[in-house]
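An overview of the molecular structure
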Amino acid sequence: MAADLSPIDKAKFVAAKRAVEFIEDGMRVGLGTGSTAAWMVRCLAERMREEGLRVTGVPTSSRTAGLARQLGIPITSLDEARWLDLTIDGADEFDHDLALIKGGGGALLQEKIVATASDRMIVIADTAKEVAQLGGFPLPLEVIPFGWQTTKALIEETLVSLEVLGRDVTLRMNGERPFVTDEGNYIVDLHLGRIGNPRQLSLVVNQIPGVVENGLFIDICDIVVIGHGDGRVEVRDINAGTVEQDRVEFADTDNIFADLGD
Ligand SMILES: O=C(CO)[C@H](O)[C@H](O)COP(=O)(O)O
């Protein structure tokens, strides 16, 4: 079955499989959102089944909560768990400092809250997510629906005042209607091309009334696990300053691939 997967799905799978090895018995774990994170949830469920590992998950979206429930992973709310040992999530882009753009799946708000409330955040990604400079992927901002057009105009003005080059700001749609997040908000995507100063941009846009949060994750991610389609995995730990090369085998994974459906 593994052989039927595209190289990109294999890369996501091996990154996820390696990352769940960081999970220890009894941990409270933040469960990210997106296709790579869905592999992680499946790999975690497999470890729980096969090794009797006991874990409580805190999902970062209704989608992930649904998958975790389906796979029998006990879940709770962040308010119940309060603080987590680890969060494992995907990303849309990561740079050399492990600064991230997230929110391609629209779950950036819960993802940022959960990752910030964790001792460690591990990002799982395929090689295409690594960039020299953030910004090729549109930066999502979660905004309150009330007065969103005014908020959008203020965001555009802010980009002009910051002398940011790309200033195209679009409302994310779901067919004919605005995309609505789990928190009932909208998302506007900033098509910037490159972000010269992510820290400044993150601070400034969050000052705009109506902006709830942005998809820049700075100084939050500790480790990135990068998967390759041939099973090679690289584990970069920004705090330890280490880079480890590893390999994940595709054998004996049919029970994971059998429930594919994300
Ligand atoms: O931030 C996210 C969702 O809000 C995802 O982690 C990000 O979009 C990556 O998704 P995928 O693993 O499907 O490429």
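Described in the following lines is the structure provided in the data block. Everything numeric in this text was worked out from a predicted model, so none of it was measured.

Bringing the sheet that holds strand β4 (residues 93-94) into the picture now. Pairing is antiparallel across the open sheet formed by three strands, whose spatial order is β4-β5-β13. Because the sheet does not close on itself, it has two edges, and the strands there are β4 and β13 (216-217). The pairing of strand β5 (residues 100-101) with β13 spans two bridges and is antiparallel. In the sheet register, Ile101 faces β13, and the bridge partner there is Leu216.

Let's shift gears to the pattern of salt bridges. Inspection of the entire model under this criterion finds 16 salt bridges. Close ionic contact of Arg47 with Glu51 constitutes a salt bridge, the shortest N to O distance being 3.0 Å. In this pair, Arg47 and Glu51 both sit in helix α2 (residues 35-51), four residues apart, roughly one turn of the helix. For Arg47, a relative accessible area of 16% gives the class buried. In this structure, the salt-bridge partner of Asp219 is Arg199, at a minimum N-O distance of 2.9 Å. Linking Asp219 in the loop between β13 and β14 (223-227) with Arg199 in helix α7 (residues 198-205), this pair joins segments that are 20 residues apart in sequence. Here the salt bridges share partners, and the residues they tie into one network are Arg18, Glu21, Glu244 and Asp246.

Following the sequence through the fold, Thr181 ends up in the loop between β10 (177-178) and β11 (186-191). Polar contacts involving the side chain of Thr181 include one to the side chain of Glu142, which spans 2.8 Å. Those residues in contact with Thr181 that sit more than four places away from it in its chain are Gly106, Glu142, Tyr186 and Ile187.

Turning to the packing of aromatic side chains, a few remarks are in order. For the coordinates displayed, the defined rule picks out two aromatic pairs. Between the aromatic rings of Phe13 and Trp39, the centroid separation amounts to 5.6 Å while the plane-to-plane angle is 70°, which identifies the pairing as edge-to-face. Here Phe13 is found in helix α1 (residues 7-19), whereas its partner Trp39 is found in helix α2, with 26 residues between them in sequence. We note that Phe13, like Trp39, is buried. The positively charged end of Arg42 is found above the aromatic ring belonging to Trp39, 4.7 Å away from the centroid. Just above the ring of Phe179 sits the side chain of Arg172; from NZ or CZ to the centre is 5.7 Å.

What counts, and where the lines are drawn
- Residues numbered from 1 in each chain as written.
- Predicted model: local features only at pLDDT ≥ 70, side-chain atom pairs only at ≥ 80, totals over all residues.
- Heavy atoms only, no water.
- Pairing = 2+ DSSP bridges.
- Helix = DSSP H or I, 4+ residues; strand = E, 2+ residues; numbered from the N terminus.
- Salt bridge = Lys/Arg side-chain N within 4 Å of Asp/Glu carboxyl O.
- Buried < 20%, exposed > 50% of the residue type's maximum accessible area, 1.4 Å probe, protein only.
- Polar contact = N/O pair within 3.5 Å; in protein donor to acceptor, adjacent residues only side chain to side chain.
- Contact = heavy atoms within 4.5 Å.
- Phe/Tyr/Trp six-rings, centres within 6.5 Å; stacked < 30°, edge-to-face > 60°.
- Lys NZ or Arg CZ within 6 Å of the ring centre and 35° of its normal.

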